[in-house]
Amino acid sequence: MSGGLPKALPSTGPHSLRDMPHPLAGSSSEEAVGGDGTPSPDLPTARSFGDKDLILPNGGTPAGTSSPASSSSLLNRLQLDDDIDGETRDLFVTVDDPKKHVCTMETYITYRITTKSTRVEFDLPEYSVRRRYQDFDWLRSKLEESQPTHLIPPLPEKFVVKGVVDRFSEEFVETRRKALDKFLKRITDHPVLSFNEHFNVFLTAKDLNAYKKQGMALLTRVGESVKHVTGGYKLRSRPLEFAAIGEYLDTFALKLGTIDRIAQRIIKEEIEYLVELREYGPVYSTWSALEGELAEPLEGVSACMGNCSTALEELTDDMTEDFLPVLREYILYSDSMKSVLKKRDQVQAEYEAKLEAVALRKEDRPKVPADVEKCQDRMECFNADLKADMERWQNNKRQDFRQLLMGMADKNIQYYEKCLTAWESIIPLLQEKQEAK
């Protein structure tokens, strides 16, 4: 982390689920279903879904290749064989240009949202609007209400990002800008959410407050209908595939939370070590003024300490700005997925309750009421959307963590290479003194 004061922002001034088949495919994967067509007893375990997505080869390089000669070749050899961005894009959204606004009642940050699209839903080919964090929060709430069967990407924490004190510092704002940009890109890449009417309004409306006040009653009622179901009815049993998803998400969030805590401790210790290293180097420089023959080697050690501290500062910044935010995003992502899973369970509970009510009727040939069939359709829709979103999330996760871990390995290699070069530069100075004797 930089030791200087945070830079000021411009101000306006005082004014996969790879092993699970697609729900419409009509067949089950080998892991999920045994040869006799019965569910595998291993299905509910978290290991059957996510472990292989997080495992990299022990050597850190693709099989059959030699170790990279330099750190720059490490990322060059990374092959992402499961790129999901094969479709032609017709919607591009970016978040940039954060600005600080100082008003009488509050101080806040706005971000410029630039949209380019060829879709017929947009009247113009390009839009540029400014939004603050609470506008992003409004969008996410509306997406949850209007698209209850889909996984809505998470927003960064509203008030606190760990390790950052000043929420108006350039570092904090840039970290949030990246997270908000990723949030919108996640929505843009989604085949359903990207066509949502609220999303269109968010990207194009000059005065978003007018839409906030109006609301959209119909879509809101559709979302609310999922929340108020079945009273105290208890779900009989969650299907095996969704039980497996729930167990996987619990384990995944637990592991990521542990990694996040350890990573923060490591960064804290690196910052403390960096402070000591910066004090350590000048001591050798001061000592060299008192020596004759050792003056040059001591100055070399001092310069070496300076180079090592610079390399460590870069590594710490990379860990703070690139590694930790991805961990936090996926911890929040797992919470979002659990929320959708809970809504699915509520719809299933509602369906089961209605079926029991029909079964209790003393009729020779009971007819299934229309509301029961409608509830069944809603449950099947929930199942299909949740499976599709889970598969998409797994694909994104696999790519994100591959890039993250390979990038972290590359940054660490660069750090140790710089330190090695710095220490090797001292050896000729010591050898010269020894030869002179």
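Predicted model, so just to flag it, every value in this text is computed and none were measured.

Cut-offs used in this document
Residues numbered from 1 in each chain as written. Predicted model: local features only at pLDDT ≥ 70, side-chain atom pairs only at ≥ 80, totals over all residues. Heavy atoms only, no water. Helix = DSSP H or I, 4+ residues; strand = E, 2+ residues; numbered from the N terminus. Buried < 20%, exposed > 50% of the residue type's maximum accessible area, 1.4 Å probe, protein only. Phe/Tyr/Trp six-rings, centres within 6.5 Å; stacked < 30°, edge-to-face > 60°. Patch = residues over 30% accessible without salt bridge, like charges linked within 9 Å, V, L, I, M, F, W, Y side chains within 5 Å. Areas by Shrake-Rupley, 256 points an atom, 1.4 Å probe, with all protein chains shown as cover. Salt bridge = Lys/Arg side-chain N within 4 Å of Asp/Glu carboxyl O. Expected span 1.5 Å × (residues − 1). pLDDT = per-residue confidence, 0-100. Contact = heavy atoms within 4.5 Å. Core = buried A, V, L, I, M, F, W, Y, C linked by side-chain atoms within 4.5 Å. Axes fitted to C-alpha atoms, helices over the stretch in contact; angles between N-to-C directions. Parallel < 35°, antiparallel > 145°, perpendicular 65-115°, else oblique. Left-handed = near helix turned anticlockwise from the far one by under 90°. Nonpolar A, V, L, I, M, F, W, Y, C, P; charged D, E, K, R; others polar. Lys, Arg positive; Asp, Glu negative; His and termini not counted. Charge placed at Lys NZ, Arg CZ, Asp CG, Glu CD. Disulfide = S-S within 2.5 Å. Pairing = 2+ DSSP bridges.

Structural notes on the overall build of the protein
Inference 1: Across its full length, the protein carries 11 helices and three strands.
Inference 2: Residues counted as buried form 41% of the 437 residues belonging to the protein.

So, the packing of aromatic side chains
Inference 1: Under the defined criterion, the tally for this structure stands at 15 aromatic pairs.
Inference 2: Seen in terms of ring centroids, Phe136 and Phe202 are 5.0 Å apart; in terms of plane orientation they differ by 65°. Their pairing is edge-to-face. Taken together, the positions of Phe136 in helix H3 (residues 133-146) and Phe202 in helix H5 (residues 197-204) put the pair 66 residues apart, joining distant regions of the chain. A single burial state applies to Phe136 and to Phe202, both of which are buried.
Inference 3: Between Tyr248 and Phe252, the ring centres sit 5.7 Å apart and the planes meet at 25°, which makes this aromatic pair stacked. With Tyr248 and Phe252 both in helix H8 (residues 240-288) and four residues apart, the pair spans about one turn of that helix. The exposure classification of Tyr248 matches that of Phe252, with both residues buried.

Describing a nonpolar patch on the surface
Inference 1: On the surface, Trp287, Leu290 and Leu294 cluster together to form a nonpolar patch covering roughly 330 Å² of accessible area.
Inference 2: With respect to the element layout, Leu294 can be found in the loop between H8 and helix H9 (295-360).

Observations regarding H3
Structurally, the α-helix is built with 3.6 residues per turn, so residues lying three or four positions apart point the same way.
Inference 1: When the terminal C-alpha atoms of H3 are compared, their 20 Å separation across 14 residues agrees well with the 20 Å that a helix rising 1.5 Å per residue should span.
Inference 2: The element H3 is extensively covered by neighbouring structure, given that 10 of its 14 residues are classed as buried.
Inference 3: Within H3, the full set of buried residues consists of Tyr133, Asp135, Phe136, Trp138, Leu139, Arg140, Lys142, Leu143, Glu145 and Ser146.

Overview of the confidence of the model for the protein
Inference 1: Residues with a pLDDT of 70 or more make up 70% of the protein, whose mean pLDDT is 77.
Inference 2: Contacts from residues 1-6, a stretch scored under 50 in pLDDT, to residues over four places away or in other chains number 13 contacts.

Points about the nonpolar core
Inference 1: Counting residues in each nonpolar core, the largest one holds 31 residues, and the members touching the most others are Leu249, Phe252, Phe323, Tyr330, Met390, Trp393 and Phe401.
Inference 2: Beyond its immediate stretch of four places on either side in the chain, Leu249 contacts Ser334, Met337, Lys338, Met390 and Trp393.

Some points on the packing of H8 against H9
Inference 1: Close contact between H8 and H9 brings their axes to 8 Å; oriented N to C, the two are set at 165°. Taken together, the axis directions place H8 and H9 in an arrangement best described as roughly antiparallel. Where H8 crosses over H9, the two elements pack in a sense that is left-handed.
Inference 2: Looking at side-chain class alone, the contact of H8 with H9 contains 32 nonpolar, 11 polar and nine charged residues.

Comments concerning a negative patch on the surface
Inference 1: On the surface, a cluster of negative charge is contributed by Asp166, Glu170, Glu171, Glu321 and Asp322.
Inference 2: Looking at the negative patch, the elements with two or more residues in it are helix H4 (170-189) and H9.

So, H4
Inference 1: For H4, with 20 residues, the first-to-last C-alpha span of 28 Å sits near the 28 Å given by 1.5 Å per residue.
Inference 2: For H4, the full list of buried residues reads Phe172, Val173, Arg176, Arg177, Leu180, Asp181, Phe183, Leu184, Arg186, Ile187 and Thr188.
Inference 3: Residues of H4 that are buried in the fold lie against strand S1 (91-102), strand S2 (107-117), H3, H5, H9 and helix H10 (370-424).

Regarding the environment of Leu324
Inference 1: Inspection of the secondary structure puts Leu324 in helix H9.
Inference 2: Expressed as a C-alpha distance, the spacing of Leu324 and Ala263, which sit 61 residues apart in the sequence, is 7.6 Å.
Inference 3: Here Leu324 is in contact with Asp260, Ala263, Gln264, Ile267 and Met319, once residues within four sequence places are set aside.

Let's talk about the state of the cysteines
Inference 1: Inspection of the entire model under this criterion finds zero disulfides.
Inference 2: Unpaired in terms of disulfides, Cys419 finds its nearest cysteine sulfur in Cys308, a separation of 3.8 Å.

So, the sheet that holds S2
Inference 1: Strand order in the open sheet made by the three strands is S1-S2-S3, with antiparallel pairing throughout. Whereas interior strands pair on both sides, the edge strands pair on one side only; in this sheet they are S1 and strand S3 (126-132). Strand-to-strand, the axes of this sheet are offset by a mean angle of 20°, without reference to chain direction.
Inference 2: With respect to the sheet, H3 is in contact with S2 and S3, its orientation differing from that of S3 by roughly 105°.
Inference 3: The sheet contacts of H4 involve S1 and S2, and relative to S1 the element is tilted by about 150°.

A short note on the environment of Ala388
Inference 1: With respect to the helices and strands, Ala388 occurs in helix H10.
Inference 2: Spatially, the C-alpha atoms of Ala388 and Leu151 are 9.6 Å apart, while their sequence positions differ by 237 residues.

Description of the packing of H4 against H9
Inference 1: Between H4 and H9, whose axes approach to 11 Å, the crossing angle comes to 45°. As judged from the angle between their axes, H4 and H9 are oblique. Read as a crossing pair, H4 and H9 show a hand that is right-handed. From H4, Thr175, Lys178, Lys182 and Arg186 reach across to H9, where they touch Asp322, Pro325, Val326, Glu329, Tyr330 and Tyr333.

Some remarks on unusual backbone geometry
Inference 1: With a phi close to 50°, Asp97 is a non-glycine residue in the positive phi region.
Inference 2: Along the polypeptide, Asp97 turns up in strand S1.

With respect to the pattern of salt bridges
Inference 1: Summed over all chains, the structure comprises 21 salt bridges.
Inference 2: Residue Arg89 pairs with Asp189 through a salt bridge whose shortest N-O separation is 2.6 Å. Placement of Arg89 in the loop between helix H2 (72-76) and S1 and of Asp189 in helix H4 is noted, with a sequence separation of 100 residues between them.
Inference 3: Judged by its relative accessible area of 35%, Asp189 is partly exposed.
Inference 4: Of the charged contacts, one joins Arg112 and Asp96 as a salt bridge, the two residues approaching to 2.9 Å between their closest N and O atoms. Linking Arg112 in strand S2 with Asp96 in strand S1, this pair joins segments that are 16 residues apart in sequence.
Inference 5: Owing to a relative accessible area of 30%, Arg112 belongs among the partly exposed residues under this scheme.
Inference 6: Among the charged side chains, a salt-bridge network with shared partners connects Lys182, Arg186, Glu329 and Asp400.

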